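Chain and residue survey
Now for the letters of each chain:
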Amino acid sequence: MKIELRLPQLPYERNALNPIITEETFDYHYGKHHSAYVNNLQNLVKDTSMADNKVEQIIVEAYHNGDSGLFNNAAQHWNHTFFWHSLSPDGGGHPNGKIRELIERDFSSFEKFKSQFSETAIRLFGCGWAWLAQNEQGSLEIIPMKEASTPLTDGKAPILTLDVWEHAYYIDYRNARPKFVEGFWDIINWDFANENLK
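The present account deals with the structure reproduced in this document. (Residues numbered from 1 in each chain as written. Predicted model: local features only at pLDDT ≥ 70, side-chain atom pairs only at ≥ 80, totals over all residues. Heavy atoms only, no water.)

Of the regular secondary structure elements, the protein chain holds eight helices and three strands. Starting at the N terminus, the α and β elements of the protein chain follow one another as α-α-α-α-α-β-β-β-α-α-α. The C-alpha atoms of the protein chain give a radius of gyration of 16 Å, which matches the 16 Å a tight globule of 198 residues would have. With respect to the principal axes defined by its C-alpha atoms, the protein chain has extents near 50 × 40 × 30 Å. Evaluated residue by residue, the protein chain yields a buried proportion of 49% over its 198 residues. A fraction of 69% describes how many contacts in the protein chain between residues 6 or more apart in sequence connect residues 24 or more apart. Per element, the accessible surface of the protein chain, about 9700 Å² overall, is 45% carbon and sulfur. One finds the centroid of the 18 positive side-chain charges in the protein chain at a distance of 3 Å from the centroid of its 27 negative side-chain charges. (Helix = DSSP H or I, 4+ residues; strand = E, 2+ residues; numbered from the N terminus. Rg over C-alpha atoms; globule rule 2.2 N^0.38 Å. Buried < 20%, exposed > 50% of the residue type's maximum accessible area, 1.4 Å probe, protein only. Contact = heavy atoms within 4.5 Å. Areas by Shrake-Rupley, 256 points an atom, 1.4 Å probe, with all protein chains shown as cover. Lys, Arg positive; Asp, Glu negative; His and termini not counted. Charge placed at Lys NZ, Arg CZ, Asp CG, Glu CD.)

This is the structure:
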C-alpha cells in the first residue's frame, strides 16, 4: 500500500470499531501517538536528501545506516498506517480467498493459525507488533517484532499486523492484552490481507 509522509485519514470513523477499540483510544493512539511520529519524521527529513523519498525507502535506509531516531519514527508511521487498514468494522470471521488457502497450507488450519498468532501477540514481551508476513518463497510467517521493527527490513511482505504496544489497548483493556487480542479477530480485515499477497 502507498503510505505518504503525512498523517493519513482513517479508513473508517473513530467510533466504527466500538467496543473493541473505542473512540477514546483512537483519539490518543491515532490522534496523538501516530500524529507525533509523523510530525517527528517530517522534521527529521526536512531539507535533507530524504525529503522526497517514499516512507519505505526512508525505513530501509535509516535501518541500514543505524539511524535509530529516523528509523523509529518512519517505521512507526508506516506500521500504524498499515495497522489501521488491518482492521475493519466489516471484518472478522474466517478468512476468504487466497489468504485462506495459504493459511491452511502453511499452518494446517485456520484454528491453528489463530492460536499461534494470538499466542505470539500475547507473549511478546514489552512493546511491539505481531506480524503476518510473506517471505520470498511465498510462505506465510508469524513474526513477533519489538518496538518499531517491521518485516520490510527483512525483505518480507507485510500481510497483516496487530499493534501490542500498551497505548494500543490500555484505555479500553488496562493491562489485559489477551482480551484485546481476542477482540482483534472480530475486526480483522481479510480483504486487506488478500490485497497484500504477492
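After presenting the structure, the write-up continues.
Contact pair helix 5 (residues 110–123) / helix 7 (residues 177–184): the axes reach a minimum separation of 9 Å and the direction vectors enclose 145 degrees. Seen along the crossing, helix 5 lies across helix 7 with a hand that is right-handed. Each of F117, S118, A121 and I122 in helix 5 lies in contact with helix 7, whose residues at this interface are R177, P178, V181 and F184. A class-by-class count of the residues in the contact of helix 5 with helix 7 yields six nonpolar, one polar and one charged. (Axes fitted to C-alpha atoms, helices over the stretch in contact; angles between N-to-C directions. Left-handed = near helix turned anticlockwise from the far one by under 90°. Nonpolar A, V, L, I, M, F, W, Y, C, P; charged D, E, K, R; others polar.)

Take N73: it is sitting in helix 3 (residues 68–85). Those residues in contact with N73 that lie beyond four places of it in its chain are A36, Y37, N40, L41 and L44.

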